[in-house]
Amino acid sequence: MEPFDIDPDIRRARSLPPSAYGDAALFARLRERVFARSWQWCPEAAAVPRDGDAAPFTLLPGCLDEPLVATRARGVVGILSNVCTHRGHPVVACAANAASLRCRYHGRRFGLDGRFLSMPEFGGAAGFPSTDDDLAAVALARWGPLDFVSLSPAAPLAETLAQIDARVGSLALDRLARAPGADRDYEFGASWMLYCDNYLEGLHIPFVHPALNDAIGYDDYRTELCPWGTLQLAFARRADDVAFALPPGHPDEGTRVAAFYAWVFPNMMLNFYPWGLSLNVVQPVGAQRTRVLFRAWTWDESLRAKGAGGGLDQVEMEDEAVVVASQQGMRASLAKRGRYSPTKETGVHHFHRLLAASLG
Ligand code: FES
Ligand SMILES: [Fe+2]
């Protein structure tokens, strides 16, 4: 497909070319230029509670497909490449606890910190071992209850989340408790970008989500842009609708926020409701296929079904239906580049600008 740019002036800008939503070559470039440089949620960092634990996993299956292993050595959790530096065999096949990691192909040994330890029959090799023989370590950082990894970070995690942290960092993140009962994995036939486009505007809410629309105000719905994401604020419609009790000094003190919807480029949504956090990770599994993970952490389970943060399954089904239908439209030979609502689609415009900038 031809290169695209997005006019910085939303009033003039045209949106992404329809072919961008299904192009295999673009998907390969996005993997390298966008996803490899992004921070991705890493629940596996919590899967190694004891020294000597090693837990292999694949980062973003179907997109990055990077074989990694979480390890714990002397209390320090690390995320390492799980590719043997001898000839590429996986080093750790399944979760284990051991004093060192040993590749079963030719017996190369590594410390739990990834350092090369030993290898049979390499006595005569010149300049061996060197740091090239160690397992590569991947950047790992924490924010609130969440661990993140990045293969080649475009910016430090703290910088990536700075503006979102300024808004929701004071909401007692340390008291959030993981609630696995609400875990959901959705999968559907549309580009991850269409799913994000849809998330990044409130314009569709009155048309697509009647129940949600009844809980939040349309006119005061707000989108703020950050260097690496967006923040959308929804406010409770009626005085008795559930809203945050914001701490003194909070930038939104005195307003009745029903939801903070934070999106982090390219594929992560942190939705804060009075009941807690719903994390959505949008995982591309192909140019036109997407998996979305929903994971929850709660402050107050009793508020779960109420307000903007209630009925999330229903809202998800409504969103998937429009996204899958739009994907079919994007495949049509007569499909055209669209335009943006200057008042309600600043988030979508921002996303497309970040994409265009990352692709260069
Ligand atoms: S591939 Fe691991 S020791 Fe040869
Ligand atoms: Fe929606």
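Residues numbered from 1 in each chain as written. Chains lettered and ligands numbered in written order. Predicted model: local features only at pLDDT ≥ 70, side-chain atom pairs only at ≥ 80, totals over all residues. Heavy atoms only, no water.

Digging into the pattern of salt bridges
Side chains that differ in sign of charge can pair as their charged atoms come close.
Piece 1. Under the criterion given, the structure shown has 18 salt bridges.
Piece 2. Ionic pairing is found between Arg167 and Asp252, a salt bridge with its closest N-O pair at 2.6 Å. Pair noted here: Arg167 is in helix α3 (residues 162–168) and Asp252 is in the loop between β14 (229–235) and β15 (257–264), with a separation of 85 residues, a long-range link.
Piece 3. Accessibility expressed as a relative area gives 10% for Arg167, which makes it buried.
Piece 4. Of the residues examined, Asp252 reaches a relative accessible area of 3% and is grouped as buried. (Salt bridge = Lys/Arg side-chain N within 4 Å of Asp/Glu carboxyl O. Helix = DSSP H or I, 4+ residues; strand = E, 2+ residues; numbered from the N terminus. Buried < 20%, exposed > 50% of the residue type's maximum accessible area, 1.4 Å probe, protein only.)

Quick notes on the pairing of strand β9 (residues 137–143)
Piece 1. Summarising the sheet, strand β4 (residues 76–81) and β9 pair through two bridges and their orientation is antiparallel. Paired with Leu80 across the two strands is Ala137, which belongs to β9.
Piece 2. Taking the residues between adjacent antiparallel strands as the criterion, β9 and strand β10 (residues 146–150) are bridged by two residues, where Gly144 takes a positive phi near 55°. (Pairing = 2+ DSSP bridges.)

A word on the coordination of the iron ion (ligand 2)
Each donor-metal-donor angle would ideally measure 109.5 degrees in four-coordinate tetrahedral geometry, or 90 or 180 degrees in six-coordinate octahedral geometry.
Piece 1. Binding of the iron ion (ligand 2) to the protein goes through His204 (NE2), His209 (NE2), Asp319 (OD) and Asp319 (OD), at separations of 2.0 to 2.7 Å.
Piece 2. Positions of the donor residues of the iron ion (ligand 2) along the chain correspond to the pattern H-x4-H-x109-D.
Piece 3. Looking at His204, the relative accessible area reads 11%, which means it is buried.
Piece 4. On the basis of relative accessibility, which here comes to 2%, the residue His209 falls in the buried class. (Donors = N, O, S within 2.8 Å, 3.2 Å for Na, K, Ca; no water.)

Some words on the side chain of Thr160
Piece 1. Within the secondary structure, Thr160 sits in helix α2 (residues 157–160).
Piece 2. A relative accessible area of 10% means that Thr160 is categorised as buried.
Piece 3. Within the structure, the side chain of Thr160 is placed 2.9 Å from the backbone oxygen of Pro156, a separation counted as a polar contact.
Piece 4. If we skip the residues at most four places from it in the chain, Thr160 touches Trp39, Ala155, Trp228 and Val264. (Polar contact = N/O pair within 3.5 Å; in protein donor to acceptor, adjacent residues only side chain to side chain. Contact = heavy atoms within 4.5 Å.)

Focus: the domain arrangement of the protein
Accessible area lost during the coming together of the parts is what is often quoted as the interface size.
Piece 1. The domains assigned to the protein are domain 1 (40–150) and domain 2 (160–359).
Piece 2. The C-alpha-based centres of domain 1 and domain 2 are spaced at 34 Å.
Piece 3. Contacts between the two partners involve 11 residues from domain 1 and, on the opposite side, 21 residues from domain 2.
Piece 4. Of the roughly 1,300 Å² buried at the junction of domain 1 and domain 2 (both faces included), carbon and sulfur atoms supply 76%.
Piece 5. When the buried surface of domain 1 facing domain 2 is broken down by residue, Trp41, Trp143 and Pro145 rank first, second and third, together holding 50% of it.
Piece 6. At the boundary of domain 1 with domain 2, the tally comes to zero salt bridges.
Piece 7. There are two residue pairs in polar contact (both at pLDDT 80 or more) connecting domain 1 and domain 2.
Piece 8. Secondary structure elements with two or more residues in the side of domain 1 that touches domain 2: β1 (40–41) and β10.
Piece 9. Its residues assigned to classes, the side of domain 1 that touches domain 2 comprises eight nonpolar, three polar and no charged. (Domains from an automatic or database assignment. Buried area = accessible area lost by both parts, 1.4 Å probe. Nonpolar A, V, L, I, M, F, W, Y, C, P; charged D, E, K, R; others polar.)

Description of the side chain of His350
Piece 1. With respect to the helices and strands, His350 occurs in helix α8 (residues 346–359).
Piece 2. Aside from chain neighbours lying at most four places away, what touches His350 is Leu225, Cys226, Pro227, Gly229 and Thr230.

Comments concerning the packing of aromatic side chains
Piece 1. In total, this model carries 19 aromatic pairs according to the counting rule given.
Piece 2. With a centroid separation of 5.1 Å and 80° between ring planes, the pair formed by Phe116 and Phe128 is classed as edge-to-face. Of this pair, Phe116 sits in strand β8 (residues 116–118) while Phe128 sits in the loop between β8 and β9, placing them 12 residues apart in sequence.
Piece 3. Among the residues examined, Phe128 registers a relative accessible area of 22% and is labelled partly exposed.
Piece 4. Residues Phe265 and Phe351 carry aromatic rings whose centres are separated by 6.4 Å and whose planes lie at 65° to one another, so their mutual orientation is edge-to-face. Here Phe265 is found in the loop between β15 and β16 (268–273), whereas its partner Phe351 is found in helix α8, with 86 residues between them in sequence. Summarising the burial analysis for this pair, Phe265 and Phe351 share the class buried.
Piece 5. Put simply, the rings of Phe35, Trp192, Trp228, Trp263, Phe265 and Phe351 pair up and form one aromatic cluster.
Piece 6. Here the guanidinium or amino end of Arg304 rests over the ring plane of Trp275, the centre of that ring lying 4.4 Å away. (Phe/Tyr/Trp six-rings, centres within 6.5 Å; stacked < 30°, edge-to-face > 60°. Lys NZ or Arg CZ within 6 Å of the ring centre and 35° of its normal.)

A short note on α8
Because each turn of an α-helix spans 3.6 residues, side chains separated by three or four positions in sequence point in the same direction.
Piece 1. For α8, spanning 14 residues, the distance from its first C-alpha to its last is 20 Å, which sits close to the expected 20 Å at 1.5 Å a residue.
Piece 2. For α8, the tally of buried residues reaches 11 of 14 residues, placing the bulk of the element in the interior.
Piece 3. Among the residues making up α8, those that are buried are Gly347, Val348, His349, His350, Phe351, His352, Leu354, Leu355, Ala356, Ser358 and Leu359. (Expected span 1.5 Å × (residues − 1).)

Digging into the pairing of β15
Piece 1. The element β15 is extensively covered by neighbouring structure, given that eight of its eight residues are classed as buried.
Piece 2. Bridge analysis of β14 against β15 gives seven bridges, and the strand direction is antiparallel. Counted as the bridge partner of Leu231 is Ala262 from β15.
Piece 3. Two strands pair when backbone bridges link them, and β15 and β16 are joined in this way by five bridges, in the antiparallel orientation. From the neighbouring strand, Tyr261 faces β16, where its bridge partner is Asn271.
Piece 4. The antiparallel hairpin formed by β15 and β16 contains three residues in its connecting segment.

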